[in-house]
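Breakdown of the fold
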Amino acid sequence: MPRALPRACVIGAGSSGIAACKALQDRGIEFDCFEKSDRVGGNWVFANSNGMSAAYRSLHINTSRERMEYADHPMPSSYPDFAHHTQIAAYFEDYVDHFGLRELITFETGVAHAQRDADGGWTITLEDGEQRRYDALLIANGHHWDPRWPEPPYPGTFDGRQLHSHQFLDAGGWRDQNVLVVGIGNSAMDIAVECSYVARRTSLSSRRGAYVLPKYVFGRPLDQIGTGAAGVVPWPVRRTVLAIIYRIAVGRVERYGLPTPDHRIGEAHPTVSGGFLQRLADGEIAWKPNVDALDGDHVGFTDGSREPIDVIVWCTGYKVSFPFFDPAFISAPDNDLPLYRHVFRPGIDNLFFVALLQPLGATMPIAEAQGQWIADYLCGDYRLPPEAVMAADIGREREQMAKRYVASKRHTMQVDFDAYMHALANERRAGAARARAAAYALPVAPRVQGAALHSA
Ligand SMILES: Cc1cc2nc3c(=O)[nH]c(=O)nc-3n(C[C@H](O)[C@H](O)[C@H](O)COP(=O)(O)OP(=O)(O)OC[C@H]3O[C@@H](n4cnc5c(N)ncnc54)[C@H](O)[C@@H]3O)c2cc1C
Ligand SMILES: NC(=O)c1ccc[n+]([C@@H]2O[C@H](COP(=O)([O-])OP(=O)(O)OC[C@H]3O[C@@H](n4cnc5c(N)ncnc54)[C@H](OP(=O)(O)O)[C@@H]3O)[C@@H](O)[C@H]2O)c1
């Protein structure tokens, strides 16, 4: 019997939103996708007209091409393993054209407000004031566009130039400058390396050490090694193997000039750089401990040293923000938003988050799999476990995350790529069995006009 399906709204057409659109389209679920920009690709569009991209001119991916591509649309084999952002943006353009998604995306149209109505449906208010109603809402607005500056700010005043990594485009023009890069994540790596070729002097300050991972080991992208084991071999075993590989391929980070990390390998979001340790070893980047105070044209550090500094680039990460929700309804203070397997919000049966996570691995195939999972659910082919089971699952996952990772606002939604994909596939199967065992019922009732028909 053909049945009506719910009608969905997707916020954002970055790499996550377009993967979700593809999954909805595949299952015949009608949707509108609203995108602030004049094009798809979000973060990967340098100088994006939405003003939200963090891409700098020299940006290359740090998850290898084969790990980052969508399962149903490989990247061109002519692409290098660690392609440039222009190639990645072109790939997303090609994806939407290949699957006929472009006409289904409403460009230059931001969502200003999303309101859950008394009947459970959604009223979406666009930036031009138009309102539309939907049965289901998929959030794919990205989480690397709202800069987090040091909280609280460091004491003192600084007379030079300060910018967040989100504002950094290139180091051109900094030839005569002493640059300080703060942080030891991937933004700090790339920006410090670039500055080290241009600036008079480049220093990097961090409040802890890091195991800076190379892009390649033994002639292969590191993220392509041992992937089959990741879903099944327990983390402590994989960590031991990673530590051995690191010791053989890289050695001790202290030897390059970094402090001893205060954690074991794999207990922080991976900092990946093919060049950083070499530039440290070359003396072209100087490591400094945490900033103590800003002092006019100098910066003081916690070891008592002071440096003359002209430019500070704060590579201090991002806030997870949903400006279209009333904060009392949904917000992520300190980047924390408990979700079932990072997608479902228990208690709200028609709200879904896409790629709201920090994978040890690439984001795109995860968004693709999550989109398919959401589509299964909206078609009634997947049934969620009871809320108590979801709550216990969320609690267990948060406990494991807190146990494994260094306490930091950047470690609130970490997932191991392969383990997550493996668990998601298992859960989709389990939920499909639950759906088959019960009488067919749509979890989200189609309330609005224009809903598609689905053969149960
Ligand atoms: C410098 C940098 C490098 C990175 N490198 C990698 C990498 O190598 N590999 C990897 O896997 N990940 C990487 N990431 C993570 C990155 O977040 C993902 O690659 C990817 O961009 C996530 O896609 P997304 O669609 O979720 O978010 P985004 O790319 O941010 O896209 C979100 C989209 O939503 C739109 N939008 C937002 N709000 C609204 C609204 N209210 N209304 C309408 N539209 C809206 C935006 O315009 C945008 O197009 C990197 C992140 C940064 C900052
Ligand atoms: N080439 C690439 O592919 C590439 C490039 C850039 C970014 N990215 C991705 O983009 C995302 C964001 O990366 P990011 O590097 O911008 O942010 P991030 O991973 O959140 O790292 C932020 C860094 O700033 C530090 N920090 C935060 N607040 C601080 C403070 N008040 N004082 C001193 N240090 C502070 C953190 O230290 P603590 O650990 O002590 O909190 C951490 O070292 C990640 O997913 C990353 O992989 C990828």
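Everything discussed here concerns the structure shown above.
The sections below set out a description of the structure shown in this document. As the structure is a prediction and not an experimental result, all values here were calculated from the model.

**With respect to the packing of helix α1 (residues 15-26) against helix α3 (residues 85-98)**
Put simply, α1 and α3 touch, their axes get as near as 11 Å, and they point 15° apart. Classified by the angle their axes make, α1 and α3 are roughly parallel. Every pair of crossing elements has a handedness; the one defined by α1 and α3 is left-handed. Residues Ser 15, Ile 18, Ala 19 and Lys 22 of α1 touch α3, and the partners they reach there are Phe 92, Tyr 95 and Val 96. Grouping the amino acids of the contact of α1 with α3 by side-chain chemistry returns five nonpolar, one polar and one charged.

**Brief notes about the sheet that holds strand β11 (residues 161-164)**
Here we have five strands laid out as an open sheet, ordered β11-β20-β12-β13-β16, and parallel in their pairing. Every interior strand has two partners, whereas the edge strands, β11 and β16 (285-288), have only one. Across the sheet, the mean angle separating the axes of adjacent strands is 20° when strand polarity is ignored. Pairing geometry for strand β13 (residues 201-205) and β16, over four bridges, is parallel. By the bridge assignment for β16, Thr 202 is matched with Ile 285. Against the sheet, helix α4 (residues 186-196) touches β12 (178-182), β13, β16 and β20 (311-314), its axis set at about 160° to β13.

**Concerning the site of ligand 2**
Near ligand 2, the surroundings consist of 26 residues, among which Tyr 154, Asn 186, Ser 187, Arg 207 and Ser 408 are the closest. Between an oxygen atom of ligand 2 and a side-chain N or O atom of Asn 62, the distance comes to 3.2 Å. Within the contact set of ligand 2, an oxygen atom lies 3.1 Å away from a side-chain nitrogen or oxygen of Arg 410. Computed on the free molecule, ligand 2 has an accessible area of 920 Å², of which 89% lies beneath the protein chains in the complex. The biggest single contributor to the shell around ligand 2 is α4, with three residues. Class assignment of the residues belonging to the shell around ligand 2 gives a composition of nine nonpolar, 13 polar and four charged.

**Describing the packing of aromatic side chains**
Taken as a whole, this structure holds 25 aromatic pairs when the rule is applied. Considering the side-chain rings of Tyr 154 and Trp 314, the 5.7 Å spacing of their centres and the 10° angle between planes classify their relative orientation as stacked. Highlighted residues: Tyr 154 in the loop between β9 (146-147) and β10 (156-158) and Trp 314 in strand β20, separated in sequence by 160 residues. Among the aromatic residues, ring-to-ring pairing joins Trp 122, Phe 322, Phe 324, Phe 325, Phe 329 and Phe 353 into one connected group.

**Overview of the site of ligand 1**
Near ligand 1 there are 31 residues, and of these Ser 16, Glu 35, Asn 50, Thr 63 and His 144 occur at the shortest range. Here an oxygen atom of ligand 1 sits 2.9 Å away from a polar atom, N or O, in the main chain of Asn 43. Between an oxygen atom of ligand 1 and a side-chain N or O atom of Asn 50, the distance comes to 2.7 Å.

**Focus: the pairing of strand β5 (residues 111-116)**
Direction of pairing for β5 relative to strand β6 (residues 122-126): antiparallel, over a ladder of five bridges. If you follow Val 111 over to β6, its bridge partner there is Leu 126. Following β5, the chain reverses through five residues before pairing antiparallel with β6; Gly 120 in that reversal takes a positive phi of roughly 95°.

**Let's talk about the packing of helix α8 (residues 364-378) against helix α10 (residues 417-437)**
Two elements in contact, α8 and α10, have axes separated by 11 Å at closest approach and are oriented at 15°. As summarised for this structure, α8 and α10 are arranged roughly parallel, according to the angle between their axes. In this structure, α8 meets α10 at a crossing whose hand is left-handed. Within the contact between the two elements, α8 uses Pro 365, Ile 366, Ala 369, Gln 370, Gln 372, Trp 373 and Asp 376 and α10 uses Phe 417, Tyr 420, Met 421, Leu 424, Glu 427 and Arg 428. Residue composition of the contact of α8 with α10, grouped by class: eight nonpolar, two polar and three charged.

**A few points about the environment of Ser 77**
Take Ser 77: it is sitting in the loop between α2 (65-68) and α3. Separated by 11 residues in the primary sequence, Ser 77 and Glu 66 have C-alpha atoms spaced 9.2 Å apart.

**As for the sheet that holds β6**
The strands that make up a sheet pair up through hydrogen bonds in the backbone, lying either parallel or antiparallel. With antiparallel pairing, three strands are arranged side by side in an open sheet as β5-β6-β7. Two strands lie at the open edges of the sheet, namely β5 and β7 (131-134), each paired on one side alone. The average undirected angle you get between the axes of adjacent strands in this sheet is 20°.

**Details of the state of the cysteines**
One pass over the structure, following the stated rule, counts zero disulfides. The thiol of Cys 9 is not disulfide-bonded; the next cysteine sulfur, from Cys 33, is found 7.8 Å away. For Cys 9, a relative accessible area of 0% gives the class buried. For Cys 33, which is in no disulfide, the shortest distance to another cysteine sulfur is to Cys 21 and amounts to 3.8 Å.

What counts, and where the lines are drawn
Residues numbered from 1 in each chain as written. Chains lettered and ligands numbered in written order. Predicted model: local features only at pLDDT ≥ 70, side-chain atom pairs only at ≥ 80, totals over all residues. Heavy atoms only, no water. Axes fitted to C-alpha atoms, helices over the stretch in contact; angles between N-to-C directions. Helix = DSSP H or I, 4+ residues; strand = E, 2+ residues; numbered from the N terminus. Parallel < 35°, antiparallel > 145°, perpendicular 65-115°, else oblique. Left-handed = near helix turned anticlockwise from the far one by under 90°. Contact = heavy atoms within 4.5 Å. Nonpolar A, V, L, I, M, F, W, Y, C, P; charged D, E, K, R; others polar. Pairing = 2+ DSSP bridges. Near = heavy atom within 4 Å. Polar contact = N/O pair within 3.5 Å; in protein donor to acceptor, adjacent residues only side chain to side chain. Areas by Shrake-Rupley, 256 points an atom, 1.4 Å probe, with all protein chains shown as cover. Phe/Tyr/Trp six-rings, centres within 6.5 Å; stacked < 30°, edge-to-face > 60°. Disulfide = S-S within 2.5 Å. Buried < 20%, exposed > 50% of the residue type's maximum accessible area, 1.4 Å probe, protein only.

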